[in-house]
Amino acid sequence: MSEHKVFSRSHSIEIHAPAGDILNYVSNPNSWPEWLAASHHIESPDRPLGVGDVFHELWHTRHGEARLDWSVTEREHPNLWTGVTHTDFTGPIHVTYKVEVLDEERCLYTRVMFNPARPKLPSSDAIVRMDEEAVIALANIKKNVESKGTS
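Residues numbered from 1 in each chain as written. Predicted model: local features only at pLDDT ≥ 70, side-chain atom pairs only at ≥ 80, totals over all residues. Heavy atoms only, no water.

**Student:** Describe the environment of T110, and please don't skip the residues or the numbers.
**Tutor:** One can find T110 in strand β7 (residues 107-118). Between the alpha carbons of T110 and I13 there is a distance of 6.6 Å; along the sequence they are 97 residues apart. Contacts of T110, omitting those with residues within four sequence positions, involve S10, H11, S12, T96, Y97 and K98. At 2.6 Å, the side chain of T110 and the side chain of S12 are in polar contact. (Helix = DSSP H or I, 4+ residues; strand = E, 2+ residues; numbered from the N terminus. Contact = heavy atoms within 4.5 Å. Polar contact = N/O pair within 3.5 Å; in protein donor to acceptor, adjacent residues only side chain to side chain.)

As structure tokens, then:
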């Protein structure tokens, strides 16, 4: 029996928008292809999702395409959302979006990706790619939310 590995990455960005606008944007999976390059097809209601909602995503990987079947396990509006999926190559994946109010105009948005039982740890090159992709995704979220204004 192989031993599983725990892996986590966290990335944050300051966004000038209300917390609810940020969480509503990122917790609507239909927005994901707008800011996340690997996400290219979503099957989901076009709204922010709550606990118990499920959706499907097609994801580009270095080895082809993966279908991810997600379920929402947490939503505490306007500060927290968690979705969970599973792949053969990473095991379970928990993605949590956190929004912390800094002041009347700014929030800190944090995306946490957690693999509690990964078959093997990613290579250092893969981690660099994850971090580079996260910087781009966060900049896209910031731009998109700030340009939309209050919803």
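We are not done yet, so read on.
**Student:** With reference to specific residues and values, describe the packing of aromatic side chains.
**Tutor:** Remark: the centre distance and the inter-plane angle together describe each pair of aromatic rings, the angle taken between the planes. On inspection of all chains with the given rule, the structure shows 9 aromatic pairs. Ring plane angle 65° and centroid distance 6.3 Å describe the contact between W32 and W35, whose orientation is recorded as edge-to-face. Of this pair, W32 and W35 both sit in helix α2 (residues 32-35), separated by 3 residues, roughly a single helical turn. The residues W32 and W35 share a single accessibility class, namely buried. Measuring from ring centre to ring centre gives 5.8 Å for Y97 and Y109, while their planes differ by 50°; the resulting arrangement is tilted. One end of the pair, Y97, is in strand β6 (residues 91-101); the other, Y109, is in strand β7, with 12 residues separating them in the sequence. For the pair Y97 and Y109, one class covers both residues: buried. Through a chain of ring-to-ring contacts, the aromatic side chains of W32, W35, F55, W70, W81, Y97 and Y109 assemble into a single cluster. For R118, the ring lying beneath its charged end belongs to F7, and the centroid distance is 5.5 Å. (Phe/Tyr/Trp six-rings, centres within 6.5 Å; stacked < 30°, edge-to-face > 60°. Buried < 20%, exposed > 50% of the residue type's maximum accessible area, 1.4 Å probe, protein only. Lys NZ or Arg CZ within 6 Å of the ring centre and 35° of its normal.)

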